[in-house]
Amino acid sequence: MLLHVRSIAISIAVICFFSVSLIGWFSGLSPFTCCKRALTGAVFAYVAAALAVKAINAVLTDAMITNLYKKKQQEEKSSGSGD
């Protein structure tokens, strides 16, 4: 089963946004500065998460195809040796 890229990336971006904004708020920055930094961090987190999930999906797809190919070869060997 492949992972859903958009929902995971959005969840990570939202978490990053609030984390960065809270860090900025506790540091005593102005609200506008906190917002700008949090938004920038959320955009970078979204892009990074989307790329990471796409890479994971590529690995999972490759593993499923390899597994299917090996099963098919084993079935051909078992049906061919019975003749």
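See the structure above.
Just so you know, these numbers come straight off a predicted model, no measurement behind them.

A. The side chain of Asn57, seen in detail. Mapped onto the elements of the fold, Asn57 is located in helix α2 (residues 31–81). A relative accessible area of 11% means that Asn57 is categorised as buried.

B. Inspection of the packing of aromatic side chains at higher detail. Under the defined criterion, the tally for this structure stands at two aromatic pairs. The interplanar angle of 85° and the centroid separation of 5.4 Å between the aromatic rings of Phe17 and Phe18 together place this pair among those described as edge-to-face.

C. Spatial organisation of a nonpolar patch on the surface. A surface patch of nonpolar side chains, about 720 Å² in accessible area, is lined by Ile10, Val14, Phe18, Leu39, Val43, Tyr46, Val47 and Leu51. Broken down by secondary-structure element, the contributors of at least two residues to the nonpolar patch are α1 (5–26) and α2. Looking at the nonpolar patch element by element, the count peaks at five residues for α2. Looking at the element boundaries, Val43 is found in helix α2.

D. Main features of the environment of Leu3. Residue position: Leu3 is located in the segment before α1. Separated by 50 residues in sequence, Leu3 and Val53 place their C-alpha atoms 7.0 Å apart. Ignoring sequence-local partners within four residues, the contact set of Leu3 consists of Ile8, Val53, Ile56 and Asn57.

Rules behind the numbers
- Residues numbered from 1 in each chain as written.
- Predicted model: local features only at pLDDT ≥ 70, side-chain atom pairs only at ≥ 80, totals over all residues.
- Heavy atoms only, no water.
- Helix = DSSP H or I, 4+ residues; strand = E, 2+ residues; numbered from the N terminus.
- Buried < 20%, exposed > 50% of the residue type's maximum accessible area, 1.4 Å probe, protein only.
- Phe/Tyr/Trp six-rings, centres within 6.5 Å; stacked < 30°, edge-to-face > 60°.
- Patch = residues over 30% accessible without salt bridge, like charges linked within 9 Å, V, L, I, M, F, W, Y side chains within 5 Å.
- Areas by Shrake-Rupley, 256 points an atom, 1.4 Å probe, with all protein chains shown as cover.
- Salt bridge = Lys/Arg side-chain N within 4 Å of Asp/Glu carboxyl O.
- Contact = heavy atoms within 4.5 Å.

Function-wise, these values are silent; they only describe arrangement.
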